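Secondary and tertiary structure notes
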Amino acid sequence: MQDAPDPGQVTDAWREAIAARRTRAPEDAPVPGAQARRPTGPITSRRNFIRASFWGGLGLALLGLVGSLLDFMYPRGIKGFGGPVPAGNISEFPRGGDPVHFITGQFWLVNLDPSETRPGGSGGGEGLLALWHKCPHLGCTVPWRSGFTYDNDQGWYRCPCHGSTYTKAGIRVFGPAPRSMTTMKVDVDAAGNITVQTGDRTDGGPDNPQRAGASS
């Protein structure tokens, strides 16, 4: 029968085993340079991270708000003034008749007769002519006054604000207005339906009568 190990020997063996498993370097042992190197990159603190996140989120929110506002304000399918305005059928406008006022589109529409040679008449123009009802002087709405007499002739556009006076073709003949009435583009389809392009405007001039379009 084998003798039991001496307790002192067992204790010494455990001490040697524990000493062999130590990972701590001796105090006088040199430490490799890589272990003593400090980080060279920027250190982001918690405060800086929160601050950057806040401003970044705020910037994205403002960008989204501005984008939504621009999308809302972008014109789509304009109706009324500034876009195409239906103006009935050409059969409703007898040649040489009085102008018809379209309040929605802010224009007068007239079918000029070249044979109307009176001073306030067509000026030789033939066909449909759309005139912006805004006076070129200060923007007052100009009415057609069939009973108004000027230059011994009856029937003129006459501004109620400062008296600027225009022929049926919108030619300025009197008053402080700097030019003739503005014209608008007129389209007529094959069926005679009229559309006035109120966004397509041209400053009035001596050639207003020649801007008249199709009349049949």
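Overview of the structure. (Residues numbered from 1 in each chain as written. Predicted model: local features only at pLDDT ≥ 70, side-chain atom pairs only at ≥ 80, totals over all residues. Heavy atoms only, no water.)

A look at the state of the cysteines
In total, this model carries one disulfide according to the counting rule given. Disulfide pairing is shown between C140 and C161; the S-S distance is 2.0 Å. Torsion about the S-S bond of the C140 and C161 cystine: about -105°, corresponding to left-handed handedness. Placement of the pair is C140 in the loop between β4 (127-132) and β5 (144-150) and C161 in the loop between β6 (153-158) and β7 (165-166), with a sequence separation of 21 residues. Free of any disulfide, C135 has its nearest cysteine sulfur in C159, 3.9 Å distant. The buried category is assigned to C135, whose relative accessible area is 3%. (Disulfide = S-S within 2.5 Å. Helix = DSSP H or I, 4+ residues; strand = E, 2+ residues; numbered from the N terminus. Buried < 20%, exposed > 50% of the residue type's maximum accessible area, 1.4 Å probe, protein only.)

Let's talk about the sheet that holds strand β9 (residues 183-188)
In spatial order, the strands read β1-β10-β9-β4-β3-β2; together these six strands make up an open sheet with antiparallel pairing. The two strands at the open ends of the sheet, each matched to only one other strand, are β1 (84-89) and β2 (100-102). With strand direction ignored, the average angle separating the axes of adjacent strands in the sheet is 30°. (Pairing = 2+ DSSP bridges. Axes fitted to C-alpha atoms, helices over the stretch in contact; angles between N-to-C directions.)

Description of the packing of aromatic side chains
One pass over the structure, following the stated rule, counts eight aromatic pairs. Between the aromatic rings of Y150 and F174, the centroid separation amounts to 5.8 Å while the plane-to-plane angle is 40°, which identifies the pairing as tilted. You can see Y150 sitting in strand β5 and its partner F174 sitting in strand β8 (residues 172-174), a full 24 residues away along the chain. Y150 sits in the partly exposed class, given a relative accessible area of 24%. Each member of the aromatic cluster is reached from another via a ring pair, and the members are F93, F102 and F107. A cation sits over an aromatic face here: R201 above W132, 4.7 Å from the ring centre. (Phe/Tyr/Trp six-rings, centres within 6.5 Å; stacked < 30°, edge-to-face > 60°. Lys NZ or Arg CZ within 6 Å of the ring centre and 35° of its normal.)

Observations regarding unusual backbone geometry
Positive phi is not limited to glycine here, since Q106 has a value of about 60°. By secondary structure assignment, the location of Q106 is in the loop between β2 and β3 (107-112). Phi is positive for D151, which is not a glycine, with a value near 55°. Note on placement: D151 falls in the loop between β5 and β6. What makes D151 exposed here is its relative accessible area of 51%.

Some points on the environment of P94
The residue P94 is located in the loop between β1 and β2 in this model. Owing to a relative accessible area of 54%, P94 belongs among the exposed residues under this scheme. Sequence-wise, P94 and G127 are 33 residues apart; in three dimensions their C-alpha atoms are separated by 10.0 Å.

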